[in-house]
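Examination of the molecular architecture
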Amino acid sequence: MNVLVTGGAGYIGSHAAKALAEAGHRVVVLDNYSRGHRAAVEALRAATGVDVVAEELELADTAGVRAALQRHEIACVMHFAALAYVGESVEQPLLYYDNNTAGTVSLLKAMDAAGVERLIFSSTCATYGEPGRVPITEDEPQQPINPYGWSKLFIERVLCDYAASRPGFAFAALRYFNVAGCAADGSLGEDHDPETHLIPVLLEAAMGKRAGITIHGEDYDTPDGTCVRDYIHVEDLVEAHRLAMEKLAAGDQWFYNLGIGRGYSVREVLEAAERVTGRRIAHAVGPRRPGDPPVLYADAGRIQRELGWQARWVEIDGVIETAWRWFEGHANGYG
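Within each chain, residue numbers correspond to sequence positions counted from 1 in written order. Residues qualify for local features only when their pLDDT is at least 70, as the model is predicted, and side-chain atom pairs are given and counted only at 80 or more; totals for whole chains, interfaces and linings, by contrast, use all residues. Based on all heavy atoms of the structure, the side-chain values leave hydrogens and waters out of the count.

Section: the packing of aromatic side chains
Side-chain rings of Phe, Tyr and Trp, where Trp is taken by its six-membered ring, are said to pair if the distance between their centres is within 6.5 Å; with planes under 30 degrees apart they count as stacked, over 60 as edge-to-face, and otherwise as tilted. Taken as a whole and judged by the stated rule, the model has nine aromatic pairs. Consider the rings of Y97 and F154, whose centres lie 5.8 Å apart with planes at 40°: the pair is tilted. Taken together, the residues span a long stretch of sequence, with Y97 in helix 5 (residues 93-114) and F154 in helix 6 (residues 147-165) at a distance of 57 residues. Here the term buried applies to any residue with accessible area under 20% of the maximum for its type, exposed to any over 50%, and partly exposed to those in between, with areas from a 1.4 Å probe on protein chains only. Y97 gets classed as partly exposed once you look at its relative accessible area, which sits at 26%. Since its relative accessible area comes to 35%, F154 is described here as partly exposed. Each residue in the set Y162, F169, F171 and F255 is aromatic and connected to the rest through ring pairs, giving one cluster. Remark: a charge is flagged as sitting over a ring if the NZ atom of Lys or the CZ atom of Arg is within 6 Å of the ring centre and within 35 degrees of the ring normal. Above the plane of the ring of Y33 lies R38, whose end atom (NZ or CZ) is 4.1 Å from the centre. A cation sits over an aromatic face here: R262 above Y264, 3.9 Å from the ring centre. Runs of H or I in DSSP of at least four residues are treated as helices and runs of E of at least two as strands, each being numbered from the N terminus.

Description of the pairing of strand 5 (residues 118-124)
Across the seven residues that make up strand 5, a large majority, six, are buried. Think of it this way: DSSP has to see at least two bridges between two strands before they count as a pair. Where strand 4 (residues 76-79) lies against strand 5, three bridges are found, and the strand directions are parallel. Residue V77 lies in a different strand from strand 5, and its bridge partner there is L119.

Section: the pattern of salt bridges
The term salt bridge refers to a side-chain nitrogen of Lys or Arg lying within 4 Å of a carboxyl oxygen of Asp or Glu. This structure, assessed with the given rule, holds 22 salt bridges. For E218, the salt bridge identified is with R267, shortest N-O distance 3.0 Å. Taken together, the positions of E218 in the loop between strand 8 (213-216) and strand 9 (228-229) and R267 in helix 9 (residues 266-277) put the pair 49 residues apart, joining distant regions of the chain. Using a relative accessible area of 42% as the deciding quantity, one classes E218 as partly exposed.

With respect to the sheet that holds strand 4
By definition, the strands of a sheet pair up through backbone hydrogen bonds, in either a parallel or an antiparallel sense. Overall, parallel pairing links the seven strands, which are arranged 3-2-1-4-5-6-11 in an open sheet. Only two strands of the sheet have a single neighbouring strand rather than two, namely strand 3 (53-56) and strand 11 (253-258). Averaged over neighbouring strand pairs, the angle between their axes works out to 20° when direction is ignored. Only heavy atoms matter for contacts: two residues are in contact if any of them lie within 4.5 Å across the pair. Between the N-to-C directions of two axes lies an angle of 0 to 180 degrees, each axis being a line fitted to C-alpha atoms and, for a helix, fitted only over the stretch in contact. Against the sheet, helix 1 (residues 11-22) makes contact with strand 1 (2-6), strand 2 (26-31), strand 4 and strand 6 (170-176), and its axis sits at roughly 165° relative to strand 2, the strand it touches most.

A look at the environment of V295
Tracing the backbone through its elements, the reader meets V295 in strand 14 (residues 295-296). The sequence separation of V295 and D221 amounts to 74 residues, and the corresponding C-alpha distance is 8.6 Å.

Section: the packing of helix 9 against helix 11 (residues 316-329)
Where helix 9 meets helix 11, the closest approach of the two axes is 9 Å, and the angle between their N-to-C directions is 55°. On the basis of their axis angle, the class for helix 9 and helix 11 is oblique. You can see that helix 9 and helix 11 cross each other, and the crossing is right-handed. Within the contact between the two elements, helix 9 uses V269, A272, A273, R275, V276 and T277 and helix 11 uses I316, D317, I320, E321 and W324. Any angle that is under 35 degrees is reported as roughly parallel, and any over 145 degrees as roughly antiparallel; angles of 65 to 115 degrees are reported as roughly perpendicular and all others as oblique. Should the near helix be turned anticlockwise from the far one by less than a right angle, the crossing is termed left-handed; should it be turned clockwise, right-handed.

In short, the description is geometric, and any link to function would need to be established separately.
Written as structure tokens, this is what we have:
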């Protein structure tokens, strides 16, 4: 199948493009390189031995995206091109509504004009806000507490409304929990600026690239007092995307959580990083961050039952080992 991967030069998008190419699909990467890396596309080509095509385009360029869809005879779009910093979304909400929400509407207009009727959408557990119960099922009320979560939830609504007007259109909206790890073969990795994800921050501290980390609160109602989160390996995540794409049929409208169904605390992740790296990681305890729920983890039973997907990486040490392999070989990321 010919697949357009938007944001394909980014962390998750590049891993998705690799999985698709290795499964025999023809991949076209679309990215504006504002947050992605040209070097990630080169690493993707080297890892797969496939001369993956890359299109440098803005999502807002509806005509340009339509032309790319037609030129490459695209059958399905995997859409990862989004901004994803919660704090930044609070400080610059218009940026998020412009890129994440309006950008996706522009993409849908291009798909409509080109006759492309399949979309796999990168959604988020941030659409749930602060849930009333865990594990979180897909039926939990969606009440985002930041513009990032709203920018994604708006698109879930847009997809439902658009699908109602186009009986042949089909989509899957996959709600991620904490994505972690890197390609197990060391070919692709995680390189954000700034870096805010816990595991890369810990590994940067282990490498001496930062003095240490701050644990935001140790008085939560959890076994060790620190927040508990669900960490899904990026390769498991993109496998769910590939599986959803290959099983999607005309008229399907799917909403699935993607997580491992259990959580690890901040201290557990810290201790695992120290075991994997063999280095002590300096840390201090700071105050709680506003809006940080004590425990968040997924109930991913629906996608397991309906599509047969199952996470393989469920032990946090193994997840961190894949990330450490890439970080050790790429001290400056893709730079």
